Amino acid sequence: MALRVAVVGSGPAGIYTAEALTKQAQGPVEIDVLERLPTPYGLVRYGVAPDHTSIKSIAGYLRRVLEAPGVRFLGGVEFGSDVSADDLLSCYDAVVYCTGAMVDRRLGVPGEDLPGSVAATDFVNWYCGHPDVPPDTFSLDAEDVVVIGVGNVAVDVVRVLAKGAEELRDTDVPDEVLRRLEASRVRRIHMVGRRGPEHAKFTLKELRELGELINADVLTFPHEVEVGDLTTLSRQTRGNVDVLRSWSERVPANRPRRLEVRFWLRPVEILGVSRVEGIRLERTRLQDGRVVGTNEFETIPADMVMRSVGYQSVALAGVPFDSTSMTVPNVAGKVSDRQYVAGWLKRGPTGVIGTNKSDAAETVRTLLADTTPGTARIRLDDLLSARGVTPLTYQDWLAIETAEAELATALKRGERVKLVGRPAMLAACGRVTHPAQDATP
Ligand code: NAP
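Residues numbered from 1 in each chain as written. Predicted model: local features only at pLDDT ≥ 70, side-chain atom pairs only at ≥ 80, totals over all residues. Heavy atoms only, no water.

Caption draft 1: Molecular detail of the overall build of the chain. Helix and strand content of the chain: 16 helices and 17 strands. The C-alpha atoms of the chain give a radius of gyration of 23 Å, which matches the 22 Å a tight globule of 441 residues would have. C-alpha atoms of the chain, sized along the principal axes, occupy 70 × 55 × 40 Å. When each of the 441 residues of the chain is scored for burial, the buried share is 53%. Counting contacts in the chain only where the partners sit at least 6 residues apart, residues at least 24 apart contribute 74% of the total. (Helix = DSSP H or I, 4+ residues; strand = E, 2+ residues; numbered from the N terminus. Rg over C-alpha atoms; globule rule 2.2 N^0.38 Å. Buried < 20%, exposed > 50% of the residue type's maximum accessible area, 1.4 Å probe, protein only. Contact = heavy atoms within 4.5 Å.)

Caption draft 2: How the structure looks around the sheet that holds strand 11 (residues 265-271). The strand order across the open sheet formed by 3 strands is 11-12-13, and the pairing between neighbours is antiparallel. For this open sheet the edge positions go to strand 11 and strand 13 (290-301), each flanked by a neighbour on one side alone. Along the sheet, successive strands turn relative to each other by an average axial angle of 25°, direction set aside. With 9 bridges connecting them, strand 12 (residues 278-287) and strand 13 associate as antiparallel partners. Bridging from a neighbouring strand, Gly278 pairs with Pro301 of strand 13. (Pairing = 2+ DSSP bridges. Axes fitted to C-alpha atoms, helices over the stretch in contact; angles between N-to-C directions.)

Caption draft 3: Quick peek at the side chain of Glu19. For Glu19, the position within the fold is in helix 1 (residues 12-24). Residue classification places Glu19 among the buried positions, given a relative accessible area of 9%. With residues near it in sequence (within four places) discarded, Glu19 still touches Tyr61, Val65 and Lys357.

Caption draft 4: Structural context of the environment of Met102. Mapping Met102 onto the fold places it in the loop between strand 4 (94-97) and strand 5 (103-104). Measuring from C-alpha to C-alpha, the distance between Met102 and Gly310 comes to 9.8 Å, with 208 residues separating the pair along the chain. For Met102, the contacting residues outside a window of four places in its chain are Leu43, Asn125, Tyr311 and Gln312.

Caption draft 5: Up close: the packing of helix 7 (residues 152-162) against helix 10 (residues 204-211). Contact geometry for helix 7 and helix 10: axes closest at 10 Å, N-to-C directions at 20°. In terms of axis orientation, helix 7 runs roughly parallel to helix 10. Our pair here, helix 7 against helix 10, has a crossing hand that is left-handed. On helix 10, the residues touching Asn152, Val155, Val158 and Arg159 of helix 7 are Glu206, Glu209 and Leu210. (Parallel < 35°, antiparallel > 145°, perpendicular 65-115°, else oblique. Left-handed = near helix turned anticlockwise from the far one by under 90°.)

Caption draft 6: Region of interest: the confidence of the model for the chain. Summing up the model confidence of the chain, the mean pLDDT is 96 and the portion of residues at 70 or higher is 98%. Considering only residues more than four positions removed or in separate chains, one finds that residues 437-441, a stretch of pLDDT under 50, has 9 contacts. (pLDDT = per-residue confidence, 0-100.)

Caption draft 7: Expanded view of the packing of helix 1 against helix 13 (residues 355-370). One way to put it is that helix 1 packs onto helix 13 with a least axis distance of 8 Å and a crossing angle of 50°. The angle between the axes of helix 1 and helix 13 places the two elements in the oblique class. You can see that helix 1 and helix 13 cross each other, and the crossing is right-handed. Taking contact as the criterion, the partners of Pro12, Ala13, Tyr16, Thr17, Glu19, Ala20, Leu21 and Gln24 in helix 1 are, on helix 13, Asn356, Lys357, Ala360, Ala361, Val364, Arg365, Leu367 and Leu368.

So, in structure tokens, the structure goes:
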């Protein structure tokens, strides 16, 4: 008898979990990968920046897992509305939750809800063509943009804002997004860290890439990138500091855009009456390792303030959740009897995509050590069909991919252009005859 496992979420953590199950299981195993979207790959499709094609090519690896014997993709099945934790425990011997961390963290300062104050997660979803974020969500009529946070997501959004649309033409960004990038009025971008260059979370490779932008002058201020003792820093951090210091010596070359990378400033208020007009920042220092204000303030005029201060997970109904760490409490991936967790939902939003591979392997070792086949009583397919839910299959996904390649050819743009919105995707795989017939965005 095969061991039946449900994996909830088809991002890297979910697919690496499916892979680990196929590799580690001693006997036969049937794995259903459930996904609320019509398409697989999670953040690889809707998080990795469009111009990071080598990272996006991980999809080629993940694809082989979904094509492996015993693995099924079930798209358009939403945990919480279409199926519950109890349903899954009736249908499978074990369930692994891999829903990641898709919600933005907030700054908690006044003015954060003004129009023009936005989350980087929404902006990323927008340029990646996420079906939950329509293409008209952003029009880049802001001249001054302040991005709060100095992690790799901040670097991604800053790079996309700073690049010319022609630099992104051969990527898979939706065509409407490309048109809006073409019309962008962004001139000055400020990326702001609340601590020093030696504390920044971005990685050296991504930082260096910023310095090579052809469309933007990239600068730092000497007094903000001074770092005392470099010898105690890791090689990666020392590299970051060296790059940032070298930018303080750059002479602007009158490029169309200007990016200033700022440090030791924390947001205290987003200013504006009916929409964002600027941001008030307080200069900081460290005291016993904590960020404290110095009572010196600076205002940067801005039409858009984008917070890029990390993602967080959301609680799943019927699954324990720690609202302090915003993760699912677990021991080596085990949550409770027959319930497991992997990826960002397990350890928080840290690490690169590959980190999820070893993380998933740990969860699967735990699962296989204490799960036996034969607990599952009913089949998910019967349960879903009784509820009128017809999952999208892996073949449906291949049809969506084909339509995206055809769109790129028609538009004379790269290898693929993302279809936007569920109706277009469902039409591409023949689930609805015409996009306009389905009103869901
Ligand atoms: P992150 O690496 O955790 O960076 C968050 C940034 O926000 C930090 O600079 C943090 O400063 C700052 N921050 C947090 N709270 C703040 C507040 N209240 N006020 C001001 N600043 C605040 O998160 P991320 O950039 O969202 O990235 C998430 C994960 O995805 C990371 O592991 C990242 O490496 C990965 N990722 C990788 C790539 C890539 O490999 N190319 C691309 C994108 C994302 P403090 O350090 O002071 O807290």
